[in-house]
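# Structural characterization, general
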Amino acid sequence: MNDVVSYKRDGEIGVITINNPPVNALGHAVRQGILDALAQGTADDDAKALIITGGGRTFPAGADIREFGKPPQEPSLPDVINQLEASKKLLIAAVHGTALGGGMEITLGCDYRVALDSAKMGLPEVHLGLLPGAGGTQRLPRLIGAKAAMEAIVAGKPMKAAQLQKMGVVDKVVSGDLMAQALDYARQLVAKDAPLRPVRDLEVKAESADIFSDFEKSIARKSRGFLAPFHCIKAVQAATESSDFEAGLKRERELFAELLKSPESAAQRHVFFAEREVAKIPGIDKKTAKRDIEQVGIIGAGTMGGGIAMNFLSAGIPVRVLEMKQEALDKGVALIRKNYEATAKKGRMTSDQVEKCMALLDTTLAYDDLSEVDLVIEAVFENMKVKKEVFGELDRVCKKGAILATNTSTLDVNEIAQSTKRPEDVIGMHFFSPANVMKLLENVRGDKTSDEVIATVMALSKRIGKVGVLVGVCNGFVGNRILHKRQHQATQLVNEGATPAQVDKVLFDFGLPMGPFAMADLAGLDVGWRIREGLREDDPANAPEYNWLDALAEQKRWGQKTGGGVFDYAEGDRTPRPSDVTAAEIEKYRKEKGIETRDVSDDEILERCLYVMVNEGAKILEEGIAMRPLDVDIVWIYGYGFPVYRGGLMFWADQVGLDKIYAKIKQFHEEAGEDEWKPSALLEKLAGQGKGFGDL
Ligand code: 3HC
Ligand code: NAI
């Protein structure tokens, strides 16, 4: 026994307690400690049965993910669980918190399972690019059937105690004092001489011959590019193909080992930690004071304002929305209700919940009504003059200590802050559209934003279900600044001879949810066109040149919303189809510019679209706009659907090799001379040293 696992007896019941905060991860010391405690319990003649439980906030939440990729240390988790299962004394798992992955697998190695009503259990390994590798794929099917086990393992979602009881995983659900009731339950089992029930002795057969291939087909689209879901299916299938439990375990081990060394799993594990790391801001810690956010004001009930409001309402935080006219308020509120009702229709919330959210919503036309709110988020037109007026008003009416946030996507947060007498309270909160759906929130720190405001807004991001990433002030912040470079390359590639469909296919096949042109059609070609038109009017000398995208926008081909943009769309169908109008406009543009087209290869498309992003990402790091490469990774995963199994933009670049990427960027710079190809100094340095962004 050691510091992290203890053994104690309570009357005739021996209790093994795992104490490895924060989540009782099953690292080497814990695994050894469990075996030692088991040996002690086995040797303890006064113990008639053994309980295994977690101290602190949870039953173990799984293997220690930090140990993956390092040399394995005995005893392995599968061995520990096999030994638990072989115990000649009744073994009962007493579960609270989240028994996940290896934690749930421990419970499956026990004879009986008792859980607190608030407890959850699940096998989320698939989200780390793995499969349950400590017998979970062999024991769960024996307990609940092959089909149900396969579905649960591939979904990887924690399930509630009551549901687990229905499924036949949990024997008893209790409320209140878990240990007292687990001890009671153990005594009852001892009193009635309950039998040992090793799960390995149960039989399992596939419900029908096709369940595996059918299921594979059903997840093909959703699991595109991922390896783990398909390996999970194979492992469960193995459980049904032989009654030899050891053979099944061996197959599970092989498949687990393949996944563990796969680039997909390395990427997914990186994302797991990166997602947690972004919340940690150097210089800001638990001691930094945070402000209470109990009421929120939102200025503007348009596309963004409404979506932003929903985040707070759904989290139970009252919202007051301000607009210039009653009609705008009515329209905004009606849209919020419509969105909630649509969610309820899909069965994802009850009508009671809809009403609860709506009851938290309030509207006003007067700034004075915002005097008591703790946070205001401005989402009015993207115009500096208008924003300054709004912030001037907010400065006048808001109470001392209120946080004043802007949802601007392109304007200078410092300049906005300067229009108040409290720039330390001003911050950017850049939501992504649709704001009630997209998980990313770029929190933009101005020069004067206080640590307290940053700490509050970062914590609030999590409270409203967002992944908050702290970024600095620049045009487009992290996400859109990188996006614009890619969109420009995509357009250039078409100018030179590629088709929009070809460019989109290459990036879709890389794993992005859609290509650059389908994305432009979704956002609306009018958005970029209006900005370019504005620039042409304001600053003709530096204005972007007129191209085929402008020509399409002029014809009111604005994308999906008008039935056609770069692509055509059949009514009620979002599938992009190549358009003759677009092809003609591209041809016309090439002719006007005297461009001689050539065959553009898929490789060139991939390299130019992605390497330009890597170069910009490196410049963003150089300038301190993003704090760490992992911040860029998370922005692109949650803001734009960069494939998780590639770990994010910068992680992916490291896998390709920065030397290779740098050489290509240099070549493109020499060939095209465009500023965006000027190699980043940081990239050049890392490539020269044979290092990656991960070494920073
Ligand atoms: N291994 C190592 N560290 C872990 C961990 C694990 N399995 N699970 C959580 N942690 C760490 C987190 O990195 C974080 O560390 P930090 O404070 O230094 O950032 C800390 O524990 C707290 O985690 P969260 O911030 O995520 O806390 P929450 O309360 O929000 O969530 C949780 C708790 C639901 C348990 C969540 O952490 C989680 O989902 N963990 C991963 C669970 C999992 O994937 N388990 C399967 C592991 S693989 C496995 O078991 C293989 C086996 O089949 C062989
Ligand atoms: P929108 O045009 O849909 O909504 C703006 C709303 O603000 C309108 O309802 C308008 O009546 C109201 N408004 C304008 N001036 C006002 C004032 N002085 N006082 C009160 N209300 C006023 O615009 P959208 O798309 O919601 O954009 C809002 C902000 O969000 C902009 O800064 C934009 O750059 C930013 N943004 C937009 C994204 C998008 O995809 N639409 C994404 C991220 C940020």
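Residues numbered from 1 in each chain as written. Chains lettered and ligands numbered in written order. Predicted model: local features only at pLDDT ≥ 70, side-chain atom pairs only at ≥ 80, totals over all residues. Heavy atoms only, no water.

### Notes on the side chain of Thr240
With respect to the helices, strands and loops of the structure, Thr240 is situated in helix H9 (residues 228-241). Judged by its relative accessible area of 15%, Thr240 falls in the buried class. Ignoring sequence-local partners within four residues, the contact set of Thr240 consists of Ala146, Val204, Lys205, Ala206 and Phe212. (Helix = DSSP H or I, 4+ residues; strand = E, 2+ residues; numbered from the N terminus. Buried < 20%, exposed > 50% of the residue type's maximum accessible area, 1.4 Å probe, protein only. Contact = heavy atoms within 4.5 Å.)

### So, the domain arrangement of the chain
Once the domains are mapped, the chain shows domain 1 (5-261), domain 2 (296-471), domain 3 (498-597) and domain 4 (599-624 + 628-696). For domain 1 versus domain 2, the separation of C-alpha centres amounts to 43 Å. (Domains from an automatic or database assignment.)

### Side note on the pattern of salt bridges
Tallied over the entire structure, the rule returns 46 salt bridges. For Glu67, the salt bridge identified is with Arg31, shortest N-O distance 3.0 Å. Residue Glu67 is found in the loop between strand S3 (49-54) and helix H2 (77-85), and its partner Arg31 is found in helix H1 (residues 28-43); the two are separated by 36 residues along the sequence. The buried category is assigned to Arg31, whose relative accessible area is 6%. Taking the shortest distance from any N to any O, the salt bridge between Glu587 and Arg590 comes out at 3.1 Å. Placement of both Glu587 and Arg590 in helix H23 (residues 580-593) is noted, with a separation of three residues, approximately one turn of the helix. Each of the salt bridges in this network shares a partner with another, and the network as a whole consists of Glu85, Arg139, Arg200 and Glu246. (Salt bridge = Lys/Arg side-chain N within 4 Å of Asp/Glu carboxyl O.)

### Remarks on the site of ligand 2
Neighbouring ligand 2 are 22 residues; Met304, Glu323, Glu382, Lys387 and Ser409 lie closest to it. In this structure, Met304 approaches ligand 2 through a main-chain N or O atom, which is 2.8 Å from an oxygen atom. Within the side chain of Glu382, an N or O atom sits 2.5 Å from an oxygen atom of ligand 2. For ligand 2, the accessible surface in isolation is 830 Å², of which the surrounding protein chains cover 78%. Listing elements by their share of the shell around ligand 2, those giving two or more residues are helix H12 (303-314), helix H15 (384-397) and strand S15 (426-431). The biggest single contributor to the shell around ligand 2 is H15, with three residues. Here the residues of the shell around ligand 2 are counted per class, giving eleven nonpolar, eight polar and three charged. (Near = heavy atom within 4 Å. Polar contact = N/O pair within 3.5 Å; in protein donor to acceptor, adjacent residues only side chain to side chain. Areas by Shrake-Rupley, 256 points an atom, 1.4 Å probe, with all protein chains shown as cover. Nonpolar A, V, L, I, M, F, W, Y, C, P; charged D, E, K, R; others polar.)

### What to know about the pairing of strand S2 (residues 13-18)
The buried fraction of S2 is high, at six of six residues. Residues Ile13, Val15 and Thr17 of S2 are buried on one face, and the alternating residues Gly14, Ile16 and Ile18, pointing to the opposite face, are buried as well. With six bridges connecting them, strand S1 (residues 5-10) and S2 associate as antiparallel partners. Residue pairing in the sheet places Lys8 in a bridge with Val15 of S2. Between the antiparallel neighbours S1 and S2 lie two residues, among them Gly11 with a positive phi of about 60 degrees. Summarising the sheet, S2 and S3 pair through six bridges and their orientation is parallel. When the bridges of S3 are listed, Gly14 appears paired with Leu50. Once you follow S2 into H1 and on to S3, the crossover reads as right-handed. (Pairing = 2+ DSSP bridges. Right-handed = clockwise from strand over helix to strand, strands pointing away.)

### Re the confidence of the model for the chain
On average, the chain scores 96 in pLDDT, and the residues at 70 or more come to 100%. At the level of chain-chain contacts, confidence expressed as ipTM amounts to 0.95, with global pTM at 0.94. (pLDDT = per-residue confidence, 0-100.)

### Some words on the UniProt feature "domain: 3-hydroxyacyl-CoA dehydrogenase C-terminal" (unreviewed entry) in the chain
As recorded in UniProt, the sites labelled "domain: 3-hydroxyacyl-CoA dehydrogenase C-terminal" (unreviewed entry) are residues 476-569 and 605-690. With 62% helix and 2% strand, the stretch residues 476-569 has end C-alpha atoms that lie 29 Å from each other. In this annotation, residues 605-690 is assigned 71% helix and 0% strand; the end-to-end C-alpha distance for the span is 25 Å. (UniProt positions renumbered as here; feature names shortened; annotations may be inferred.)

### Focus on the sheet that holds strand S7 (residues 120-122)
One open sheet accounts for three strands, arranged S5-S7-S8; its pairing is mixed. Only two strands of the sheet have a single neighbouring strand rather than two, namely strand S5 (98-100) and strand S8 (159-160). Looking at chain direction, S5 and S7 are connected through three bridges and run parallel. Directly across from Thr98, in S7, lies its bridge partner Lys120.

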